Amino acid sequence: MSPNPGIEHIGPPVERAGKVQPISPAVVVEDRLVFVAGQVPMRNGQPAGEDIASQTHYTLDLIEAILQRAGCTLADVVKTTVWLVNAKDYPGFNEAYAERFPAATAPARSTVISGLIAPVLVEIEAVALRRPG
């Protein structure tokens, strides 16, 4: 239980290389805002796919699963932040992203080029608005 009653941690705890990490997959604030930690396309210690499209879809699948545990869907996402390792991957990333977030209802987004700790091409974090219920 959180020391702050307005904060709910969505688990299970993040585990990497057999060690529990000081990261919550998601945190819900005041029962409404859901902050999903940055997700990377890793499966069993290996990149999940070799190209940007497959890695983008896998990462969004991870986010979708976390959102479901928090009572949300991708349709509830209001903001994403995306880190790409290579600028040349932007068109392929954007195309895959648009398959999950159509332009008419897409969340606000920031996309930057950056190195990543994991040996992958993309990392995505999300903020969603949980519906009252």
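Everything numeric in this text was worked out from a predicted model, so none of it was measured. All residue numbers refer to position in the chain's written sequence, counted from 1. Only residues with pLDDT of 70 or above have their local features reported here, since the model is predicted, and side-chain atom pairs are shown and tallied only from 80 upward, although totals for entire chains, interfaces and linings are computed over all residues. Remark: hydrogens and water are excluded; side-chain values derive from all non-hydrogen atoms of the structure.

K.L.:
Looking at this structure, how should I read the overall build of the protein?
P.N.:
Labels follow the DSSP assignment, with helices taken as runs of H or I lasting at least four residues and strands as runs of E lasting at least two, numbered in each case from the N terminus. For the protein, the helix and strand inventory stands at 2 helices and 10 strands. Walking the protein from its N terminus toward its C terminus, one meets helices and strands in the order β-β-β-β-β-β-β-α-β-α-β-β. Radius of gyration: over C-alpha atoms. The globule rule applied is 2.2 Å multiplied by the number of residues raised to the 0.38 power. In terms of overall size, the protein behaves like a compact globule, its C-alpha atoms giving a radius of gyration of 15 Å where 133 residues would be expected to give roughly 14 Å. Over its C-alpha atoms, taken along the principal directions, the protein stretches across nearly 45 × 40 × 20 Å. Burial classification: accessible surface area is computed with a 1.4 Å probe over protein chains only, and a residue below 20% of its type maximum counts as buried, one above 50% as exposed, and the rest as partly exposed. For the protein, the residues scored as buried account for 38% of the 133 residues in total. Within the protein, residue pairs in contact and separated by at least 24 positions form 67% of the contacts whose partners lie at least 6 positions apart. Residues are treated as being in contact if the distance between any of their heavy atoms lies within 4.5 Å.

K.L.:
Before we go on, may I ask you to explain the pairing of strand 10 (residues 122-129) in this structure?
P.N.:
Moving residue by residue along a regular strand, the side chains alternate between the two faces of the sheet. With 6 of its 8 residues buried, strand 10 lies for the most part within the structure. By this definition, two strands are paired if DSSP reports at least two bridges between them. Bridge analysis of strand 5 (residues 33-39) against strand 10 gives 5 bridges, and the strand direction is antiparallel. For L33, the partnering residue across the bridge sits in strand 10 and is L129. In this sheet, strand 10 lies alongside strand 8 (residues 77-84) in antiparallel orientation, the contact comprising 7 bridges. Considered in strand 10, the bridge of T80 is made with A126.

K.L.:
Looking at this model, I keep getting lost on the layout of surface pockets. Mind explaining?
P.N.:
Gaps between atoms show up when a probe of the same size as a water molecule is rolled over them. In this structure, the largest pocket occupies an estimated 760 Å³ of space. Here the term cavity refers to a set of points on a 1 Å grid, laid over the protein atoms alone, in which a 1.4 Å probe fits but cannot get out; the term pocket refers to an open set having protein on both sides within 12 Å along at least five of seven lines, with lining residues being those that place an atom within 4 Å of a point. Taken together, 25 residues form the lining of the largest pocket, with V14, E15, R16, Q39 and V40 sitting closest to its centre. Of all the elements in the fold, those that place two or more residues in the lining of the largest pocket are strand 2 (15-16), strand 5, strand 6 (42-43) and helix 1 (52-69). When residues of the lining of the largest pocket are assigned to their parent elements, the largest contribution, 4 residues, is made by helix 1. Grid points are joined across faces, edges and corners, and a volume is the space filled by probe spheres set on the points.

K.L.:
Explain the side chain of D76 here, please?
P.N.:
Position of D76 among the secondary structure elements: in the loop between helix 1 and strand 8. Judged by its relative accessible area of 7%, D76 is buried. Polar contacts here mean pairs of N or O atoms no more than 3.5 Å apart (in protein, one a potential hydrogen donor and the other a potential acceptor; neighbouring residues in sequence count only if both atoms are side-chain atoms). Of note is the side chain of D76, whose polar atom sits 2.6 Å from the side chain of R131. Beyond its immediate sequence surroundings of up to four residues, D76 is in contact with V127, A128, L129 and R131.

K.L.:
Mind showing me how you'd approach the sheet that holds strand 1 (residues 7-10) here?
P.N.:
Within a sheet, each strand pairs with its neighbour through backbone hydrogen bonds, oriented either parallel or antiparallel. An order of 1-4-5-10-8-9 is seen for the 6 strands of this open sheet, with the pairing classed as mixed. At either margin of the open sheet sits one strand with a lone partner, and together these are strand 1 and strand 9 (108-113). With strand direction ignored, the average angle separating the axes of adjacent strands in the sheet is 15 degrees. Pairing analysis gives 4 bridges linking strand 1 to strand 4 (residues 26-29), with the strands arranged antiparallel. Each axis is a line fitted through C-alpha atoms, taken for helices only over the stretch in contact, and angles between the N-to-C directions span 0 to 180 degrees.

K.L.:
What is the right way to look at the packing of aromatic side chains in this model?
P.N.:
What describes a pair of aromatic rings is the distance from one ring centre to the other and the angle between the planes of the rings. Pairing of aromatic rings covers Phe, Tyr and Trp, the last counted by its six-membered ring, and requires centre-to-centre distances within 6.5 Å; plane angles under 30 degrees mean stacked, over 60 mean edge-to-face, and any other angle means tilted. Evaluated as defined, the whole model comprises 3 aromatic pairs. Geometrically, the ring pair formed by F93 and Y97 is tilted, given 5.3 Å between the ring centres and 45 degrees between the ring planes. Placement of both F93 and Y97 in helix 2 (residues 90-100) is noted, with a separation of 4 residues, approximately one turn of the helix. With a relative accessible area of 4%, Y97 lands in the buried category. Centre to centre, the rings of Y97 and F101 are 4.8 Å apart; their planes meet at 40 degrees, and the pair counts as tilted. For the pair Y97 and F101, one class covers both residues: buried. An aromatic cluster is present here, built from Y90, F93, Y97 and F101 joined pairwise through their rings.

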